[in-house]
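# Observations on chain architecture
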Amino acid sequence: GNSVTQMEGPVTLSEEAFLTINCTYTATGYPSLFWYVQYPGEGLQLLLKATKADDKGSNKGFEATYRKETTSFHLEKGSVQVSDSAVYFCALSEESYGKLTFGQGTILTVHP
Amino acid sequence: GAGVSQSPSNKVTEKGKDVELRCDPISGHTALYWYRQSLGQGLEFLIYFQGNSAPDKSGLPSDRFSAERTGGSVSTLTIQRTQQEDSAVYLCASSRGGPGNTIYFGEGSWLTVV
């Protein structure tokens, strides 16, 4: 079946540091890929998505590129802020089916 | 409203009692999902409704769990004879259906079984 594996956390960084959260997936066909974010005390929000190979999703300074050859969708940000502290979830939806399969989530804490 | 609405936001119930959790999806969204978020367990898929098709119930953890969607809109998740391991945040989400469409989540219903 489909699965998503995220790098283990938690991740702790200083403000303005570079962020990478690794995400790899296993799926048949051509899934769509997503990053969701959950800020403290809030619901899940879509951060960015990519629907086909080599697409780059971007939002709020975050980027992720759909790499089919390595089955990866790593999340990056060049300079993190304290306000980026949250839990980040990588997810995929199957090619012909909208259900989301999530990774286990990565807790990010950014210190001033 | 503009977003997915869930109620109650918090529910404390005694072990063995039944609970109902309600979800109002975004207007016009044909797909509706229930997920469960437990501490240390990540996000677990429960059930998926798409239009008039038979729901995908493959994620329901036991026969104590059931869900309905009336008129293609509002959904109710029912947990019978609650157990302490049912304590979690139950998240509802909706989308226009189909792959690639953004799935929007509600704030969740926090269930505590004592």
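The sections below set out a description of the structure shown in this document.

Parameters at a glance
- Residues numbered from 1 in each chain as written.
- Chains lettered and ligands numbered in written order.
- Predicted model: local features only at pLDDT ≥ 70, side-chain atom pairs only at ≥ 80, totals over all residues.
- Heavy atoms only, no water.
- Contact = heavy atoms within 4.5 Å.
- Buried area = accessible area lost by both parts, 1.4 Å probe.
- Salt bridge = Lys/Arg side-chain N within 4 Å of Asp/Glu carboxyl O.
- Polar contact = N/O pair within 3.5 Å; in protein donor to acceptor, adjacent residues only side chain to side chain.
- Helix = DSSP H or I, 4+ residues; strand = E, 2+ residues; numbered from the N terminus.
- Nonpolar A, V, L, I, M, F, W, Y, C, P; charged D, E, K, R; others polar.
- Buried < 20%, exposed > 50% of the residue type's maximum accessible area, 1.4 Å probe, protein only.
- Pairing = 2+ DSSP bridges.
- Axes fitted to C-alpha atoms, helices over the stretch in contact; angles between N-to-C directions.
- Core = buried A, V, L, I, M, F, W, Y, C linked by side-chain atoms within 4.5 Å.

As a measure of interface size, the accessible area lost when the parts come together is often cited. Taken together, the contacts link 22 residues of chain A with 19 residues of chain B. Summed over both partners, the interface of chain A with chain B comes to about 1500 Å²; 57% of that surface belongs to carbon and sulfur atoms. It is Leu44(A), Tyr97(A) and Lys99(A) in chain A that bury the most area against chain B; as a group they hold 30% of the surface buried on that side. Applying the counting criterion to the chain A and chain B interface returns 0 salt bridges. At the boundary of chain A and chain B, one finds 5 residue pairs in polar contact (both at pLDDT 80 or more). Those elements giving two or more residues to the side of chain A that touches chain B turn out to be strand E5 (32–38), strand E6 (44–50), strand E10 (86–93) and strand E11 (100–102) of chain A. The biggest single contributor to the side of chain A that touches chain B is E5(A), with 4 residues. Tallied by class, residues from the side of chain A that touches chain B come to 8 nonpolar, 9 polar and 5 charged.

A separate point is the environment of Thr76(B). Residues and elements named next belong to chain B. Along the chain, Thr 76 turns up in strand E7 (residues 75–79). A residue is classified by how much of its surface remains accessible, and Thr 76, at 24% relative accessible area, is partly exposed. Taking the C-alpha atoms as reference points, Thr 76 and Ser 94, separated by 18 residues in sequence, lie 14 Å from one another. Those residues within four positions of Thr 76 in sequence are excluded, and the remaining contacts are Glu 20, Leu 21, Trp 34, Ser 66, Ala 67 and Glu 68.

Attention shifts here to the sheet that holds strand E3 (residues 19–21) of chain A. All names here are of chain A. Reading across from one edge, E3-E9-E8-E7 is the order of the 4 strands in this open sheet, with antiparallel pairing throughout. Lying at the two open borders of the sheet, with one neighbouring strand each, are E3 and strand E7 (56–59). Neighbouring strand axes in the sheet, compared pairwise and without regard to direction, differ in orientation by 15° on average. With 3 bridges connecting them, E3 and strand E9 (residues 75–77) associate as antiparallel partners. Each residue of the ladder has a partner; that of Thr 20, found in E9, is Glu 76.

All names here are of chain A. Within the largest apolar cluster, 26 residues are counted, with the highest numbers of intra-cluster contacts made by Leu 19, Trp 35, Leu 47, Leu 48, Phe 73, Leu 75 and Tyr 88. For this core, the elements supplying multiple residues, two or more each, are strand E2 (11–14), E3, strand E4 (23–26), E5, E6, strand E8 (62–65), E10 and strand E12 (106–111). If you tally residues by element for this core, the top one is E10, at 4 residues. Ignoring anything within four residues of it in the chain, the contact list for Leu 75 reads Leu 19, Thr 20, Ile 21, Trp 35, Leu 47, Leu 48, Phe 62, Glu 63, Ala 64 and Tyr 88.

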